[in-house]
Amino acid sequence: MRGPRAGKALLRDLAIFGGSPAFAAPLHVGRPNVGDRAALHARIDGLLDRGVFTNMGPLVREFERRVAEFAGTRHCIAMCNATMALMVAIGAWHSPRRSSCPPSRSSPPCTPCSGWG
């Protein structure tokens, strides 16, 4: 290895195949990074007090603004799920002069969404 963050070149280097783990404790997929619990609880309390969870609530607007800033774009529109996002994107892109055909290795919602619009 060439340094503290050197990559693993062979399968046997991976922890699942007997190599040394990259982290002291397992990192589980989907495990939230809560950060400051008091700040999280304050945001949740505000959400519950307002009674606006979605659809242009202040947290959704903040999320869209911050994602747009991060992505370097003027706009970001939060969607309820990836299927709805695909439907909206394909609907916005679709015109009588264009046809859409999802790639062969796309996610399951791609094909039905491509016919929508």
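In this text, all values refer to a predicted model and were calculated from it rather than measured experimentally. (Residues numbered from 1 in each chain as written. Predicted model: local features only at pLDDT ≥ 70, side-chain atom pairs only at ≥ 80, totals over all residues. Heavy atoms only, no water.)

Attention now moves to helix α2 (residues 58–71). Along an α-helix, a turn takes 3.6 residues, which lines up residues three or four apart on a common side. Between its first and last C-alpha, α2 extends 20 Å over 14 residues, near the 20 Å set by a 1.5 Å rise per residue. Within α2, burial applies to Val60, Glu64 and Ala68. Axial view of α2: buried residues confined to an arc of 70 degrees, hence all on one face. Away from its buried face by more than 90 degrees, α2 exposes Arg66, Glu69 and Phe70. Note on α2: the residue one or two positions beyond its end, Gly72, has a positive phi of about 75 degrees. (Helix = DSSP H or I, 4+ residues; strand = E, 2+ residues; numbered from the N terminus. Expected span 1.5 Å × (residues − 1). Buried < 20%, exposed > 50% of the residue type's maximum accessible area, 1.4 Å probe, protein only. Arc of directions from axis to C-beta.)

Viewed as axis vectors pointing N to C, helix α1 (residues 37–50) and α2 meet at an angle of 130 degrees, and their least axial separation amounts to 10 Å. Put simply, α1 runs oblique to α2. Of α2, the residues touching α1 (which contributes Arg43, Leu47 and Arg50) are Pro58, Leu59 and Glu62. (Axes fitted to C-alpha atoms, helices over the stretch in contact; angles between N-to-C directions. Parallel < 35°, antiparallel > 145°, perpendicular 65-115°, else oblique. Contact = heavy atoms within 4.5 Å.)

Under the counting rule described, the total for this entry stands at three salt bridges. One salt bridge in this structure joins Arg43 and Glu62, with 2.7 Å as the shortest N-O distance. Remark: Glu62 occurs in helix α2 and Arg43 occurs in helix α1; sequence separation between them is 19 residues. The class for Arg43 is partly exposed, based on a relative accessible area of 40%. Of the charged contacts, one joins Glu69 and Arg65 as a salt bridge, the two residues approaching to 3.0 Å between their closest N and O atoms. (Salt bridge = Lys/Arg side-chain N within 4 Å of Asp/Glu carboxyl O.)

By themselves, these observations are geometric and do not establish any function.
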